[in-house]
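# Residue-level structural notes
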Amino acid sequence: MKKVCLTIISVVLACVLPIPEAAGNAVSSTGKYISGGRQEKIVSIKEVLDSLEIKYGARFVYDSSISPLLDAPASSARTFPEAPWQGGSDASGLPGGASLEKTLSLLLSGTGIEWKVQKKYVVLKRASRPQAAVQHSRNKFTVSGFIYDSSSGETLIGAGASDGYIGAVTNNFGYYTLTLPGGKTAVTYSYLGCEPVTVSLDVRKDTVVNMTLAQSASIEASRVVARKDAGITSTYMGAIEIPGSIIGNTPAVLGEADLLKTVQMMPGVQGGMNGFSGIYVRGGGADENLMMIDGISLYNVSHLLGLFSVFTPESVKKATLYKGSFPARYGGRASSVLDVRTNDGNVNGFHGSVSAGLLSEKLHFEGPIGSPRTTYSLSARGMHTFFLDPLARLLGSPANYAFYDINAKIAHRISGSDRISACFYMGRDYFRYSESDKRSRRYYGPDYEPYERLTDDMSKIRMNWGNTVGMLRWNHVFNGNLFLDASAYVNRYRMNVGTVSSYWEKDAEAETQDRMEYGYFSGILDIGARADFEYVPVSEHLVKFGAEYVRHSFKPETERSSQMVKNNDVVTDTTLRSDISNRSWGDELSFYAEDDITLGEHLSLNPGLRLSLFHTGRKVYFSPEPRLSFKASFGRGWAVKAAYSRMSQYVHQLASGNLSLPSDLWVPITGKIPPVKSRIVSAGGYYGGLDGWEFSLELYWKKLDNVLEYLDGKRAFTSSSGWETNVAVGEGRSYGAELYVRKTIGRTTGSVSYTLSKSGRIFRDGSINNGRWFPFVYDRRHNLCIDVNHKVGKRIDLSAVWRFDSGHWMTVPEGWTIVMDDKGGYGDIIPYIPSRNNYHLPPSHRLDLGMNIHKKTKRGENVWNVSLCNAYGARNPDWVVTGRTYYRYEDGMEESRLALSVRSFLLFLPSFSYTFNF
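Residues numbered from 1 in each chain as written. Predicted model: local features only at pLDDT ≥ 70, side-chain atom pairs only at ≥ 80, totals over all residues. Heavy atoms only, no water.

### Notes on the overall build of the protein
- Broken down by element type, the protein carries nine helices and 55 strands.
- Burial status across the protein gives 51% buried among its 918 residues.
- Long-range pairs, those at least 24 residues apart, make up 64% of the contacts in the protein with a sequence separation of at least 6.
- A total accessible area of about 41700 Å² is found for the protein, and carbon and sulfur atoms account for 59% of it. (Helix = DSSP H or I, 4+ residues; strand = E, 2+ residues; numbered from the N terminus. Buried < 20%, exposed > 50% of the residue type's maximum accessible area, 1.4 Å probe, protein only. Contact = heavy atoms within 4.5 Å. Areas by Shrake-Rupley, 256 points an atom, 1.4 Å probe, with all protein chains shown as cover.)

### Brief notes about unusual backbone geometry
- Its identity is not glycine, yet R282 carries a phi of approximately 50°, on the positive side.
- Secondary-structure assignment places R282 in the loop between β17 (279-281) and β18 (289-293).
- Phi is positive for N870, close to 60°, though the residue is something other than glycine.
- Note that N870 resides in the loop between β52 (861-869) and β53 (879-888).

### A short note on the nonpolar core
- Judged by nonpolar contacts, the single largest core of 32 residues is most densely connected at L259, V263, F311 and L338.
- When contributions to this core are tallied by element, the ones reaching two or more residues are β15 (239-243), α7 (259-263), β17, β18, β22 (316-322), β23 (336-342), β28 (418-444) and β29 (450-479).
- Not counting residues within four places of it along the chain, the set of residues in contact with L259 comprises I242, I247, S309, F311, A319, L338 and V340.
- Formed by 23 residues, the second largest nonpolar core is a distinct cluster that contains V253, M495, V497 and W666. (Core = buried A, V, L, I, M, F, W, Y, C linked by side-chain atoms within 4.5 Å.)

### What to know about the packing of aromatic side chains
- In total, this model carries 21 aromatic pairs according to the counting rule given.
- The rings of F146, Y148, F173, Y175 and F483 are connected pair by pair, giving a single aromatic cluster.
- The aromatic ring of Y686 is capped on one face by K641, whose charged end is 4.5 Å from the ring centroid.
- Sitting over the ring of F776, R761 keeps its end group 4.2 Å from the ring centre. (Phe/Tyr/Trp six-rings, centres within 6.5 Å; stacked < 30°, edge-to-face > 60°. Lys NZ or Arg CZ within 6 Å of the ring centre and 35° of its normal.)

### A closer look at the environment of E601
- Among the secondary structure elements, E601 is positioned in the loop between β34 (584-599) and β35 (603-616).
- A C-alpha to C-alpha distance of 9.4 Å links E601 and F634, two positions 33 residues apart in sequence.

### Overview of the pattern of salt bridges
- Summed over all chains, the structure comprises 30 salt bridges.
- One salt bridge connects D437 with R439, and the closest N-O pair in it is separated by 3.2 Å.
- D437 sits in the partly exposed class, given a relative accessible area of 36%.
- Salt bridges sharing common partners tie together E154, D294, K317, D344 and K409. (Salt bridge = Lys/Arg side-chain N within 4 Å of Asp/Glu carboxyl O.)

### Observations regarding the sheet that holds β15
- The strand order across the open sheet built from five strands is β15-β22-β23-β18-β19, with neighbouring strands paired in mixed fashion. Either end of the sheet is taken by a strand with one partner, and the two such strands are β15 and β19 (296-297).
- Bridge count between β18 and β19: two bridges; the pairing is antiparallel. From the neighbouring strand, I293 faces β19, where its bridge partner is I296. (Pairing = 2+ DSSP bridges.)

### Describing a nonpolar patch on the surface
- On the surface, a nonpolar cluster with roughly 670 Å² of combined accessible area is contributed by F386, F387, L388, L391, L394 and L395.
- Taken together, the elements giving at least two residues each to the nonpolar patch come down to α8 (384-387) and α9 (389-394).
- Mapped onto the elements of the fold, F386 is located in helix α8. (Patch = residues over 30% accessible without salt bridge, like charges linked within 9 Å, V, L, I, M, F, W, Y side chains within 5 Å.)

### Focus on the side chain of S759
- One can find S759 in strand β43 (residues 748-762).
- A residue is classified by how much of its surface remains accessible, and S759, at 6% relative accessible area, is buried.
- Excluding residues that lie within four positions of it along the chain, S759 makes contacts with G283, R733, S734, P775, F776, Y778 and D779.

### A closer look at helix α4 (residues 100-108)
- Among all positions of α4, only L100, T103, L104, L107 and L108 are buried. For α4, the angular spread of buried residues about the axis comes to 105°, placing them on one side. (Arc of directions from axis to C-beta.)

### Let's talk about the pairing of strand β24 (residues 351-357)
- As paired strands, β24 and strand β25 (residues 360-369) are joined by six bridges and run antiparallel to one another. The partner of S353 across the bridge, within β25, is H364.
- Counted between consecutive antiparallel strands, the loop separating β24 from β25 contains two residues.
- Note that β24 and strand β55 (residues 909-917) share five bridges and pair antiparallel. Within β55, the position partnered with G357 by the bridge is S913.

### Quick look at helix α2 (residues 45-56)
- End to end, α2 covers 16 Å across twelve residues, agreeing with the expected 16 Å (1.5 Å per residue, within 8%).
- Downstream of α2 by a residue or two, G57 has a phi angle that is positive, lying close to 70°. (Expected span 1.5 Å × (residues − 1).)

### Examining the side chain of D429
- In this structure, D429 sits in strand β28.
- Buried and unpaired, D429 has R428 as its nearest opposite-charge partner, separated by 8.2 Å.
- Side-chain polar atoms of D429 contact the side chain of H303, separated by 2.6 Å. (Lys, Arg positive; Asp, Glu negative; His and termini not counted. Polar contact = N/O pair within 3.5 Å; in protein donor to acceptor, adjacent residues only side chain to side chain.)

### A look at the pairing of strand β46 (residues 796-805)
- Of the two faces of β46, only one is covered, namely that formed by D797, S799, V801, R803 and D805; the face formed by I796, L798, A800, W802 and F804 stays uncovered.
- In this sheet, β46 lies alongside strand β45 (residues 782-792) in antiparallel orientation, the contact comprising ten bridges. Within β46, the residue paired with D787 across the bridge is V801.
- Between β45 and the antiparallel strand that follows it, β46, lie three residues; G793 among them carries a positive phi value of about 70°.
- Bridge analysis of β46 against strand β51 (residues 844-856) gives ten bridges, and the strand direction is antiparallel. Within the sheet, the bridge partner assigned to W802 lies in β51 and is L847.

### Concerning the packing of α2 against α4
- Across the interface, α2 lies against α4 with an axial gap of 12 Å and an inter-helix angle of 175°. Taken together, the axes of α2 and α4 are roughly antiparallel relative to one another. In this structure, α2 uses I45, V48, L49, L52 and Y56 to contact α4, whose residues at the interface are L100, T103, L104, L107 and L108.
- A per-class count over the contact of α2 with α4 returns nine nonpolar, one polar and no charged. (Axes fitted to C-alpha atoms, helices over the stretch in contact; angles between N-to-C directions. Parallel < 35°, antiparallel > 145°, perpendicular 65-115°, else oblique. Nonpolar A, V, L, I, M, F, W, Y, C, P; charged D, E, K, R; others polar.)

### Describing the confidence of the model for the protein
- This prediction gives the protein a mean pLDDT of 79; 82% of its residues lie at or above 70.
- Note on residues 219-227: pLDDT is under 50 here. Beyond four places in sequence and across chains, it has 36 contacts. (pLDDT = per-residue confidence, 0-100.)

Here is the structure:
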């Protein structure tokens with residue numbers, strides 16, 4: 001009878017208790033365990049540890065690298081019959097009277113987590129791989145595939161896959177490769193803001209596992225996953241990932257959220273004029289930043305004189321900023337890299353958004369074409385004045401300014417191993433102005449007979465400038481270890497100016513007309529091809545290598561003029577054409593290789609080498625660019641990094657001021673002007689042991705060679721004619737410290753960044769500042785930015801950004817000198833300027849506020865944005881006007897003194913926008 005009862009109890013328990021996991025069973029860390037068509041509540045190891053803290057008063061300390069292990073289901077907890085998830089009533093979910101040590105032994109057995117009790121603290125760390133697995137490590141297989149967002153079908157960049165001992169992250173196309181020993185294992189997939197998913201596998205051959213992750217309903221689940229390319233857990237220094245959600249939550253200027261204004265909030269990055277989108281990174285110039293969209297560089301990245309960038313937030317999937325250690329796959333600029341990746345399109349159906357603000361309208365559409373294998377994404381933005389220009393002309397408006405952007409992409413999955421896509425971007429700024437003076441006058445002839453004379457004095461000007469980019473891309477998976485990204489592209493930047501002036505006169509006896517047309521053109525055309533490979537020979541190595549060839553065609557300035565003179569029936573036409581600067585070509589060829597190496601549990605290394613050649617005219621420049629990054633982890637979230645990078649730049653921008661103007665010309669290096677070269681050494685300390693927080697402190701030293709500055713008196717010229725004789729070649733240096741604190745989970749998130757830096761220039765030939773060091777124009781000693789975002793329920797998002805910047809430098813006269821003429825008399829009065837950048841402007845500060853109000857309906861979601869730029873109306877010194885004042889003494893003598901007048905651009909600027917998402 002006893003045996004019968006035990007048998008019945010065993011059968012009942014077998015029906016009630018969960019069935020052990022089989023290969024392929026999926027487990028959500030906070031939700032459901034699915035097996036045999038049944039669902040039962042399963043909690044994660046971290047949730048059990050939370051209850052242990054309450055029961056025993058212990059505190060668990062661990063490195064963020066074991067977060068995927070803690071997110072795994074607490075399968076060992078099934079041994080606790082009193083656990084609440086097994087139907088018990090014990091709030092702790094622990095066996096009655098069990099010690100903390102015994103409980104941890106049961107809970108963490110076989111999870112890959114080692115523990116050690118130290119008074120009131122329990123230190124957790126990743127355990128070494130079991131000896132049995134090590135003995136069979138010769139039989140290794142590859143688990144690879146793509147990771148998708150369940151809501152849109154978009155590939156996820158930077159998603160993680162880990163078996164608890166070995167981890168991998170997805171690349172820019174959502175592909176991952178994980179090399180594991182043969183046998184049974186469990187792989188956990190995770191991503192920022194998504195529910196982790198654990199899959200049990202019996203690995204006996206190379207396996208393809210494509211995974212879909214769902215957005216988490218819990219704010220606390222928005223946990224940062226370790227990324228190899230960016231963040232404090234990566235090997236690289238000064239690498240920051242900027243997801244689209246951060247861009248959308250930044251207070252908007254004139255209703256326009258902007259990527260580059262978000263980048264300005266990062267440590268080591270400074271803005272130019274207050275409120276504009278230009279960036280200056282670690283003492284570098286505005287032209288020393290490589291701005292890329294889907295892997296293609298852009299020459300013009302601003303609209304409205306630099307007030308906005310060309311990147312529409314709706315099309316951005318992810319942006320990554322590199323300012324310290326640069327991966328070897330990037331080159332061509334000396335100071336920073338901003339790699340922007342755009343959306344592929346929603347595979348689940350037609351979705352999009354429509355937005356209207358004070359300045360522009362935007363739309364974004366995406367969805368499948370025919371089947372989920374083919375998708376499209378289309379984003380467009382335009383100023384009101386662009387759409388209303390025909391009406392403005394009809395109403396007689398003499399002037400108009402507008403800009404627009406178009407982003408389009410079509411992607412097709414040929415098979416599980418092959419994907420192709422076509423990308424297109426076009427952005428333009430447009431300006432027109434016209435005036436006409438028509439008159440009718442009465443004159444009298446020799447015999448006093450009256451006659452009418454009609455005249456028309458007319459002038460017109462039209463300008464347009466911008467980028468056009470087209471690209472074809474092919475992704476191919478050779479096997480689980482080798483991935484290829486091949487692309488061919490065309491990149492064109494053009495600036496056109498056209499003017500017409502005409503004078504027409506007619507009376508009873510004659511008709512005359514003098515019409516002059518003038519055209520000005522400047523442009524760059526790049527045609528290139530690129531191949532990038534990712535190879536994972538073993539789990540400890542991620543090798544990236546590739547090559548790129550670009551054919552540059554520079555046409556800095558071309559003029560065309562024509563004149564038509566009409567005298568009654570006689571017409572004379574004259575056409576003139578001149579190339580102010582001859583067309584020049586440049587051939588750029590580069591090769592690179594880098595290896596992300598994991599040396600045990602605490603060390604990682606990324607050596608890389610980039611070799612680039614640039615051929616222009618009869619000169620060939622060869623630039624070896626070594627790169628090295630090193631990271632050492634000490635447990636409990638502490639780590640240190642060190643890095644060295646060398647970069648080369650083969651193009652220069654001839655800028656005429658602090659604003660982004662269409663007259664700023666791009667010119668290549670020449671036989672007289674060598675490429676800009678930079679060397680950057682950096683080191684830092686990092687802490688990520690506090691869940692949801694990131695702390696970093698980085699020190700850097702940067703040396704620039706062959707930087708350009710205008711000679712005295714040449715600052716305002718805008719022609720590329722003889723530009724080599726108007727500039728000097730010198731050196732630059734910059735050094736500083738950057739503190740960055742970031743909170744990533746919870747209702748309140750945000751960051752604090754502080755930069756202490758110094759940068760300067762020297763021209764040892766004495767051509768500028770008599771060969772002495774002088775401060776760089778944006779040498780701002782202190783930069784502080786505080787960013788706070790808070791969710792008020794599910795409908796309201798609040799944001800605030802306060803920043804403080806030391807003043808930048810400018811050159812002003814300190815007096816005036818009278819130049820004597822040849823006869824000994826008084827001649828011209830010229831300003832006396834003793835040194836370059838001799839005036840330090842006052843500091844600037846401002847507070848920007850923003851609020852998003854969400855309301856969901858059956859058809860979609862309504863979002864209202866209200867922003868306030870410079871909330872307390874600070875009068876910041878955006879620019880300074882110099883002049884003279886005269887002071888009269890009591891004895892009647894006068895003295896001329898320097899007078900400075902400060903001008904402010906943004907004063908208490910409110911804005912509003914409305915967006916409908918569907």
